[in-house]
Amino acid sequence: MFSASYIINKIIMIPIVLIALTVHEFCHGLVSDKLGDPTPRMTGRLSLNPLAHLDPMGAILMILTGFGWAKPVQIDARYYKNPKTGMAVTAAAGPLSNLVLAFAAMLIYTVFFIISYKTGLFASSINTIGSILFLFARTNLCFLVFNIIPIPPLDGSRVMGLFLSTSAYFKLQQFERYSFLLIILLSFAGVFDRIIGTGVGIALTGILHVCQSIANLFV
């Protein structure tokens, strides 16, 4: 039997995952659109409606296991002035959006904490607010770290393409047909747990340090 806390945690994770996935994919489409590619707009991906980006199985697995996926945004690099640079910038937009969301969550908590400290408001609920916002930040940082791993089709492989020769870049992308299986195997082997855990820890420590510095100005 699942405990009540486990069930509540999974219920809370549903909107968190939907927001993280939606903003991540929307930003891919938005940046590609700004670079001259009409494909995301034509395929309905310039939307903050989660249904436009949701892969049901990927979302369920993300909520239950921490590993999952969204529906990839279709882009056409032929519209970019510099295809390799355009691909890298478009790819980077998704993980960067998750970093912004994580920082925003911790900044919101900092504001609540300062108000609670100064006025006593939210004193009874500050721990609950903090737990939810911390979970939101941590989930988004998991998205960030996982997606910057340089294995196709993850975003990190597109960004890494900036530093590769054209021939090496296309050879890396040809590996994509096999890479999904590799990602699954590495996930079950726990390799990603160590990578993501370390990356999230570093990023979260930096964010909390900034928020603590802001809080120290007021308390």
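Thresholds applied
- Residues numbered from 1 in each chain as written.
- Predicted model: local features only at pLDDT ≥ 70, side-chain atom pairs only at ≥ 80, totals over all residues.
- Heavy atoms only, no water.
- Helix = DSSP H or I, 4+ residues; strand = E, 2+ residues; numbered from the N terminus.
- Rg over C-alpha atoms; globule rule 2.2 N^0.38 Å.
- Buried < 20%, exposed > 50% of the residue type's maximum accessible area, 1.4 Å probe, protein only.
- Phe/Tyr/Trp six-rings, centres within 6.5 Å; stacked < 30°, edge-to-face > 60°.
- Axes fitted to C-alpha atoms, helices over the stretch in contact; angles between N-to-C directions.
- Parallel < 35°, antiparallel > 145°, perpendicular 65-115°, else oblique.
- Left-handed = near helix turned anticlockwise from the far one by under 90°.
- Contact = heavy atoms within 4.5 Å.
- Nonpolar A, V, L, I, M, F, W, Y, C, P; charged D, E, K, R; others polar.

Engineer: Teacher, can you tell me more about the overall build of the chain here?
Structural biologist: Regarding its fold elements, the chain presents nine helices and zero strands. Taken from the N to the C terminus, the helices and strands of the chain come in the order α-α-α-α-α-α-α-α-α. Taking 17 Å as the expected radius of gyration for a compact globule of 219 residues, we find that the chain reaches 19 Å, a close match to that expectation. Considered along the principal axes of its C-alpha atoms, the chain spans approximately 60 × 45 × 30 Å. The burial tally for the chain puts 40% of its 219 residues in the buried class.

Engineer: I tried to follow the packing of aromatic side chains on my own but got confused; where do I start?
Structural biologist: The description of two aromatic rings rests on the distance between their centres and on the angle between their planes. In total, this model carries four aromatic pairs according to the counting rule given. With a centroid separation of 6.3 Å and 40 degrees between ring planes, the pair formed by tyrosine 109 and phenylalanine 113 is classed as tilted. Here phenylalanine 113 and tyrosine 109 lie together in helix 4 (residues 83-119), a separation of four residues that amounts to about one turn. Ring geometry for phenylalanine 112 and phenylalanine 122: centres 4.8 Å apart, planes at 75 degrees, overall edge-to-face. Residue phenylalanine 112 is located in helix 4, and its partner phenylalanine 122 is located in the loop between helix 4 and helix 5 (126-147); the two are separated by 10 residues in the primary sequence. For phenylalanine 122, a relative accessible area of 33% gives the class partly exposed.

Engineer: How do you make sense of the packing of helix 5 against helix 9 (residues 191-216) when you look at a structure like this?
Structural biologist: Each pair of packed helices can be described by the angle between their axes along with the distance between the axes. Helix 9 packs onto helix 5 with a crossing angle of 125 degrees between their chain directions and a minimal axis gap of 9 Å. Between helix 5 and helix 9, the angle falls in the class oblique. The handedness of the crossing between helix 5 and helix 9 is right-handed. The residues of helix 9 that touch helix 5, namely those facing Phe134, Arg138, Leu141, Cys142, Val145 and Phe146, are Phe192, Ile195, Ile196, Gly199, Val200, Ala203, Leu204 and Ile207. Residue composition of the contact of helix 5 with helix 9, grouped by class: 12 nonpolar, one polar and one charged.

Engineer: Explain the packing of helix 7 (residues 166-174) against helix 8 (residues 176-188) to me, please; I cannot follow it from the model alone.
Structural biologist: Put simply, helix 7 and helix 8 touch, their axes get as near as 6 Å, and they point 55 degrees apart. One way to sum up the angle between helix 7 and helix 8 is to call them oblique. Residues Leu172, Gln173 and Gln174 of helix 7 touch helix 8, and the partners they reach there are Glu176, Arg177 and Tyr178. Across the contact of helix 7 with helix 8, the residue classes break down as two nonpolar, two polar and two charged.

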